[in-house]
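# Results of the structural survey
So you can see what is in the structure, the chains are spelled out below.
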Amino acid sequence: MIPGNFEYHSASGVDEAVALLAEHGENGKLLAGGHSLLPMMKLRFAEPAHLIDLNGIEELRGIREDGDTLVIGAMTSENAVIASEVLQRRCPVLPEAARLIADPQVRNRGTIGGDALHGDPGNDHPAVLMALEAEFVVRSQKGERREPANGFYLGPYLTRLDDGDLVTAIRVPIPAPDHGYAYAKFKRKTGDYATAAACCLLEMEGDTCRKVRLTLTNVGPTPLRAEDAEELLTGQTIDAERIEQAAQAAMSICEPAEDLRGSPEYKTHMAGEMTRRALHTALERARGG
Ligand SMILES: Cc1cc2nc3c(=O)[nH]c(=O)nc-3n(C[C@H](O)[C@H](O)[C@H](O)COP(=O)(O)OP(=O)(O)OC[C@H]3O[C@@H](n4cnc5c(N)ncnc54)[C@H](O)[C@@H]3O)c2cc1C
């Protein structure tokens, strides 16, 4: 399949990329790793007349601590997320989830920004960034603003970004040092998108749950936050019964579409199972296991 004609621009800095975006409006599209955008162009689902390549902008890559926040450049590759010593120490759920994305070739070029901003409900980072209460730093000709990951995803391939918006970085509040975490993903084979996946971030006070965040991947038109399940667990002792109640509450918000990965019933069932696994693992880790 061959994409439509387009003009290629290699931006050397953020200002230049933002100016090009403003100039070309809805005809301009940013290119990160290209692993989602180029297949869509080949299928003619996307036909941008101007492709603005961000790969030459070094300031968009890298991971650093800024006080109590981690700042991850939008162009940081999945492999760099996996290899990051800072993330492994401060926010291990991000490398854990990145390791489950696609295959080594895709992870070498695919970026955390491209994954999080594409709006594909099958992508793994959105649910993880929602659980982490991350924010996107957005630049446009109007200036800079921040968009919380919660509330960012409006529908399939639809986010709060407008034409002319470029995300420079993702800001992640550093989770409590003793937090438990897990990203549980069920997929048919290596390299596949999730049939269903669940992310859990958990803080315990003795046997009582102080705070929990539970989110789901690929079981609805957007990533889902299982707020009722979170409420059932917060302030409670987490035992098998509570975990089962939370799994049932998570399943009740699922609205997956039928496709080659299975029926809505099967995917909803797997979302419940991933919720149980994520909760068990996060609990074990919060207890130092
Ligand atoms: C075989 C295969 C298997 C895959 N499996 C998985 C999987 O299991 N899980 C998963 O999560 N993903 C999977 N993917 C998708 C992969 O992770 C992509 O790399 C990712 O979705 C897009 O990242 P990218 O850097 O390639 O972005 P691109 O494809 O270049 O861009 C994606 C979109 O984001 C926009 N964009 C990119 N950067 C910015 C920015 N800084 N500001 C604003 N908009 C921006 C682009 O304009 C475009 O609309 C798979 C891909 C392939 C090819």
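The rules behind each value
- Residues numbered from 1 in each chain as written.
- Predicted model: local features only at pLDDT ≥ 70, side-chain atom pairs only at ≥ 80, totals over all residues.
- Core = buried A, V, L, I, M, F, W, Y, C linked by C-beta atoms within 7 Å.
- Buried ≥ 20, exposed ≤ 12 C-beta atoms within 10 Å, placed from the backbone.
- Contact = placed C-beta atoms within 7 Å.
- Helix = DSSP H or I, 4+ residues; strand = E, 2+ residues; numbered from the N terminus.
- Near = placed C-beta within 6 Å.
- Nonpolar A, V, L, I, M, F, W, Y, C, P; charged D, E, K, R; others polar.
- Domains from an automatic or database assignment.
- Pairing = 2+ DSSP bridges.
- Axes fitted to C-alpha atoms, helices over the stretch in contact; angles between N-to-C directions.

### A look at the nonpolar core
Formed by 89 residues in total, the largest nonpolar core has its most connected members in Ala198, Cys200, Leu216 and Ala250. Excluding residues that lie within four positions of it along the chain, cysteine 200 makes contacts with Tyr181, Ala182, Val212, Leu214, Ala278, Leu279 and Ala282.

### Some words on the environment of glycine 143
Residue position: glycine 143 is located in strand 7 (residues 143-148). For glycine 143, a count of 7 C-beta atoms within 10 Å puts it in the exposed group. Considering only alpha carbons, one finds glycine 143 and aspartate 165, 22 residues apart in sequence, at a separation of 9.7 Å.

### Remarks on the site of the ligand
With respect to spatial proximity, 28 residues lie near the ligand, and among them Ala32, Gly33, His35, Gly110 and Gly114 are the closest. Those elements giving two or more residues to the shell around the ligand turn out to be strand 2 (28-31), helix 7 (112-117) and strand 10 (166-173). Among the elements that take part in the shell around the ligand, helix 7 stands out by supplying four residues, more than any other. The residue inventory of the shell around the ligand, partitioned by class, reads 14 nonpolar, 11 polar and three charged. Of the domains in this structure, domain 1 (7-53) and domain 2 (58-173) are the two that each give at least three residues to the shell around the ligand.

### Quick look at the pairing of strand 7
Here strand 7 lies mainly on the outside; zero of its six residues are buried. Relative to strand 7, strand 6 (residues 135-140) runs antiparallel, the two being bridged by six bridges. Its bridge partner being in strand 7, arginine 139 is matched across the sheet by glutamate 144. Hairpin connection of strand 6 to strand 7: two residues between the antiparallel strands.

### Considering the domain arrangement of the protein chain
Looking at the assigned domains, one finds that the protein chain contains domain 1 (7-53), domain 2 (58-173) and domain 3 (180-286). Its C-alpha centre places domain 1 at a distance of 35 Å from the equivalent point of domain 3.

### Observations concerning unusual backbone geometry
Here the phi dihedral of alanine 102 falls at roughly 50°; this positive angle occurs in a residue that is not glycine. We note that glutamate 133 has phi near 55°; this positive angle belongs to a residue other than glycine. On the neighbour-count criterion, glutamate 133 (15 C-beta atoms within 10 Å) is partly exposed.

### Topic: the sheet that holds strand 6
Spatial ordering of the open sheet is given by 4-5-10-6-7, a layout of five strands whose pairing is antiparallel. Two strands lie at the open edges of the sheet, namely strand 4 (63-66) and strand 7, each paired on one side alone. Averaged over all neighbouring strand pairs, the angle between strand axes comes to 25°, with direction disregarded. Docked against the sheet, helix 1 (residues 14-24) engages strand 6 and strand 10, running at close to 120° with respect to strand 10.

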